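# Coordinate inspection notes
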Amino acid sequence: ASRTIGIISNKGGVGKTHIAINMAHVAAMCKKRVLLIDADLGNADISNKLALFPDFTLYDFLLGDMELENIVEKTPYGFDLIAGSSGEFKLANINYVQRSKFIKSFRKISTGYDFAIFDLSAGISSTVLEFALATDEIVIVSTPQDIIAGYACIKASFQHFKEIEEKLTAKVEFYQPRKVFAPWVIMNQIADLNQGIFIFNRICQTADERINNVETFYSVKPQYLGGVMYDREVMKAAESQRKPFAVVNPKSRPSQCLEYLGRTILEPPETRTYSQEIKGGLGRFAMIFGMG
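Computed from a prediction, not measured in an experiment: that's the story for all the values here.

## Thoughts on the packing of helix α6 (residues 147-171) against helix α7 (residues 193-212)
Two numbers describe how α6 lies on α7: the axes approach to 10 Å, and their chain directions differ by 45 degrees. It follows that α6 is oblique to α7 by the angle criterion. Like other packed secondary-structure pairs, α6 and α7 cross with a definite hand, here right-handed. Contacts between α6 and α7 involve I147, Y151, I154, K155 and F158 from the former and I199, R202, I203, T206, A207, R210 and I211 from the latter. Looking at side-chain class alone, the contact of α6 with α7 contains 8 nonpolar, 1 polar and 3 charged residues.

Next comes the structure, spelled out in structure tokens:
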């Protein structure tokens with residue numbers, strides 16, 4: 001069965017798209033069939049980072065000019081891509097009909113893949129959160145400089161999670177609400193692996209104090225997927241060559257970190273072990289969008 005992963009961040013510049021690209025590449029190198037979707041409709045960030053500009057984008061599909069399967073492009077990195085578009089069009093602006101159409105087509109197309117990874121727009125608009133919460137796993141990217149924004153992203157996602165569960169409980173007969181919201185957190189641009197764990201623990205403490213101690217029914221339990229160490233030279237090389245850094249410099253620390261994250265996300269959530277070291281279902285989607 002294919003698994004969907006939504007990658008979000010509170011603001012731009014935290015490396016969300018780099019992480020999405022490299023995770024897709026690692027999964028593809030592990031012989032998985034991977035579809036990467038640039039759902040940042042105003043920015044087309046993946047195309048810019050990889051210098052891949054397909055003739056057709058998600059925009060053409062949403063306008064009704066193209067079928068979703070006809071805008072899927074193969075990439076040189078083992079994964080397939082549905083590109084976003086550069087322009088004024090934002091995910092937040094798509095109407096209910098377009099959204100329903102996207103979900104239907106996406107459910108159909110994703111059966112051909114092991115993983116579908118959504119790189120969602122930066123920011124915490126309700127449309128972005130709705131898409132993220134409809135995926136099987138939600139990944140929040142933050143950095144040591146943006147701890148407050150990272151926590152705010154967790155909090156906003158949790159509030160939205162709670163609203164969705166309450167709506168489903170009210171509307172769907174015999175619905176068993178999910179009580180625990182457990183997003184994955186990636187700490188990007190860290191100096192060393194301990195820094196990532198330390199900051200993640202601080203975010204969890206804040207969530208306990210400000211959310212879990214106040215809520216009676218629902219709770220938030222962030223899970224740590226891992227950290228990505230910062231290396232300015234590798235970043236610059238990847239940006240200038242417009243390739244994933246796992247391709248530009250596979251032995252570098254950021255690449256090893258991303259290799260770990262990519263392999264970890266391939267494991268079923270319940271079997272993951274968290275020992276990061278530097279070596280030398282789709283039904284929910286339909287339900288949330290009211291189309292079960």
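What follows continues from the structure just given.
## Some points on the pattern of salt bridges
Per the counting criterion, the structure on display carries 9 salt bridges. Note that K49 and D45 form a salt bridge whose closest N and O atoms lie 3.5 Å from each other. One end of the pair is K49 and the other is D45, both in helix α2 (residues 45-50) and 4 residues apart, which spans about a single turn. We classify K49 as buried; its relative accessible area is 18%. Residue K108 pairs with E69 through a salt bridge whose shortest N-O separation is 3.7 Å. Of this pair, K108 sits in helix α4 (residues 96-110) while E69 sits in the loop between α3 (58-63) and β3 (72-74), and the two are 39 residues apart along the sequence. Taking the relative accessible area as the measure of exposure, K108 reaches 57% and is therefore exposed. On the basis of relative accessible area, E69 is assigned to the partly exposed category, the value being 38%.

## Notes on the sheet that holds strand β5 (residues 115-120)
What the 8 strands build is an open sheet, ordered β3-β4-β2-β5-β1-β6-β8-β10; its pairing is mixed. Lying at the two open borders of the sheet, with one neighbouring strand each, are β3 and β10 (223-229). Here the strands of the sheet are splayed against their neighbours by 25 degrees on average, with no regard to which way each runs. In the sheet, strand β2 (residues 34-39) pairs with β5 via 6 bridges, with the strands oriented parallel.

Rules used in this analysis
Residues numbered from 1 in each chain as written. Predicted model: local features only at pLDDT ≥ 70, side-chain atom pairs only at ≥ 80, totals over all residues. Heavy atoms only, no water. Axes fitted to C-alpha atoms, helices over the stretch in contact; angles between N-to-C directions. Helix = DSSP H or I, 4+ residues; strand = E, 2+ residues; numbered from the N terminus. Parallel < 35°, antiparallel > 145°, perpendicular 65-115°, else oblique. Left-handed = near helix turned anticlockwise from the far one by under 90°. Contact = heavy atoms within 4.5 Å. Nonpolar A, V, L, I, M, F, W, Y, C, P; charged D, E, K, R; others polar. Salt bridge = Lys/Arg side-chain N within 4 Å of Asp/Glu carboxyl O. Buried < 20%, exposed > 50% of the residue type's maximum accessible area, 1.4 Å probe, protein only. Pairing = 2+ DSSP bridges.

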